[in-house]
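Understanding the architecture of this molecule
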Amino acid sequence: MGYIPLVTKFLGLLDIAVVGCGVAGQAAATLLAETGHRVTLYEKFSEPQPVGAGLLLQPTGLAVLRELGIADSAIARGARIGGLEARTYRGRAILDLHYADLHPRAFGVGIHRATLFDLLHGRLLKSPAKLVTGAEIVDVDHTHLVEESGVRHGPFDLIVAADGAHSTLRARLLPHARARLYPWGCIWTTAPDLAGIGAAGMLRQRVHGTKLMMGLLPIGENEVTIYWSLPIRALGRNRTIDFDAWRRIATALWPEAAPIIEHAAAAGDFARATYRHVALSRWNAGPVLFIGDAAHGTSPQLGQGANLGLMDAWVLAKTLAEAPELLSAFLRFERRRVPTVRYYRHASHLLTPFFQSRLAPLGWLRDAVMGPACHVPGLRAMMGSTLAGTRRGWLATTKLGDDGCFPLEVF
């Protein structure tokens, strides 16, 4: 490793490398290239591909997609979501939140990650950005990228690391950064909505204590993504998952979803996912700036990962267009992103044990308190804005515009 400290560089047209062809990386490469910078995006796979299940686009993420011109396609190919409903296995409501409480025209969009990837990838290919595949970037030497094979690329004025929660560049350049693996992850799959669960247009969850949690997210075309919580020791590559046992447990937890569960168990086509709680003391290492999950990965409990990454990309492009030099741009970018990211990182970290842990009393407290809290006006507003991704801290939020959309201009 040999990156050098950031030196002052006055901004004009920059040579920029983006590492990682995920949500944040593709959005950043497209936005930066279309503001005039010379951008090259590096991806380790020969054929870029999405990793992950369905996700929930919030008003924040949708606003960035509108700037990219692909929001209408995302809405058409996904499923409009009106809010979040969570209940215990006995039917007790613990969460009942609706975007309409923030604005009558507000909504989220459930979408398969592959669909979002295709939209972003198609948009990237129409931009001036250059895409280099089959390049596994493992290090930065001064202003050059270094592949696993030793091949070097560069020099670059700015390197944007968007290589995900398990970021190789973060581990290499910021070895003391906090990036703890969550003790719980999940299995997921996509299945036909044979029970009509998605007809109401809600993200739905069922829980039993803090050890059992299942979610069903409509993602369009009469399909739902199923999430099932598991401790990470059960998610090892060599661990076999007993889908017949899962079918029995899941059906007992959520009888109304039995047809979906039966279909998914018979197919057995589940993927496994683990998560990290990433907290950086600074967002850059010399000329390398971290964005997306590489900078602030969390558990998926609040459903904000892709949306935060899209906002990172938007704010970075805007900041580079405004700042006089690179150091100033980095400082301004951090000032704009830290309040929101810190809030969601802390909120997710605090909330997750109430849904995924071995601390049974937290489940009892959740079941007793969260449902009534949803009907306390001030708390309901805070919980709703947290869901929508519009919080800018514990005491501040961004009001949606008259059209129900998130106003990017406030950044």
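Residues numbered from 1 in each chain as written. Predicted model: local features only at pLDDT ≥ 70, side-chain atom pairs only at ≥ 80, totals over all residues. Heavy atoms only, no water.

Across all of its chains, the model carries seven aromatic pairs by this definition. An angle of 70° between the planes, with centres 5.1 Å apart, marks the rings of Trp246 and Phe270 as edge-to-face. Taken together, the positions of Trp246 in helix H6 (residues 243-253) and Phe270 in the loop between helix H7 (258-267) and strand S18 (271-273) put the pair 24 residues apart, joining distant regions of the chain. Among the residues examined, Trp246 registers a relative accessible area of 4% and is labelled buried. Taking the relative accessible area as the measure of exposure, Phe270 reaches 13% and is therefore buried. Taking the centre distance of 5.3 Å and the plane angle of 80° together, the rings of Trp283 and Phe333 count as edge-to-face. You can see Trp283 sitting in the loop between strand S19 (276-279) and strand S20 (284-285) and its partner Phe333 sitting in helix H10 (residues 326-351), a full 50 residues away along the chain. Neither residue differs from the other here; Trp283 and Phe333 are each classed as buried. Pairwise contacts between aromatic rings join Trp228, Phe243, Trp246 and Phe270 into one cluster. Arg80 extends its terminal NZ or CZ atom over the ring of Phe107, reaching a point 4.0 Å from the ring centre. Over the ring of Tyr182 we find Arg180, and its NZ or CZ is 5.9 Å from the ring centre. (Phe/Tyr/Trp six-rings, centres within 6.5 Å; stacked < 30°, edge-to-face > 60°. Helix = DSSP H or I, 4+ residues; strand = E, 2+ residues; numbered from the N terminus. Buried < 20%, exposed > 50% of the residue type's maximum accessible area, 1.4 Å probe, protein only. Lys NZ or Arg CZ within 6 Å of the ring centre and 35° of its normal.)

With that settled, consider a nonpolar patch on the surface. Together, Leu350, Trp394 and Leu395 make up an exposed nonpolar region whose accessible area comes to about 400 Å². Tracing the backbone through its elements, the reader meets Leu350 in helix H10. Classification of Leu350 by relative accessible area gives exposed; the value is 53%. (Patch = residues over 30% accessible without salt bridge, like charges linked within 9 Å, V, L, I, M, F, W, Y side chains within 5 Å. Areas by Shrake-Rupley, 256 points an atom, 1.4 Å probe, with all protein chains shown as cover. Salt bridge = Lys/Arg side-chain N within 4 Å of Asp/Glu carboxyl O.)

So, on to the nonpolar core. If you look at the biggest cluster of nonpolar residues, it comprises 108 residues, and the most contacted ones within it are Ile16, Leu32, Leu57, Leu65, Leu95, Leu145 and Phe290. Here Leu95 is in contact with Leu84, Glu85, Ala86, Phe355, Met370, Cys374 and Met383, once residues within four sequence places are set aside. Counting 21 residues, the second largest nonpolar core, distinct from the first, contains Ile241, Leu253, Trp254 and Ile260. (Core = buried A, V, L, I, M, F, W, Y, C linked by side-chain atoms within 4.5 Å. Contact = heavy atoms within 4.5 Å.)

If you walk across this open sheet you meet the three strands as S3-S7-S4, and the pairing is antiparallel. A strand with exactly one partner marks an edge of an open sheet, and here the two such strands are strand S3 (54-57) and strand S4 (79-81). Across this sheet, the average inter-strand angle for adjacent strands is 30°, counted without regard to direction. (Pairing = 2+ DSSP bridges. Axes fitted to C-alpha atoms, helices over the stretch in contact; angles between N-to-C directions.)

Remember that the coordinates give geometry; whether it matters functionally is a separate question.
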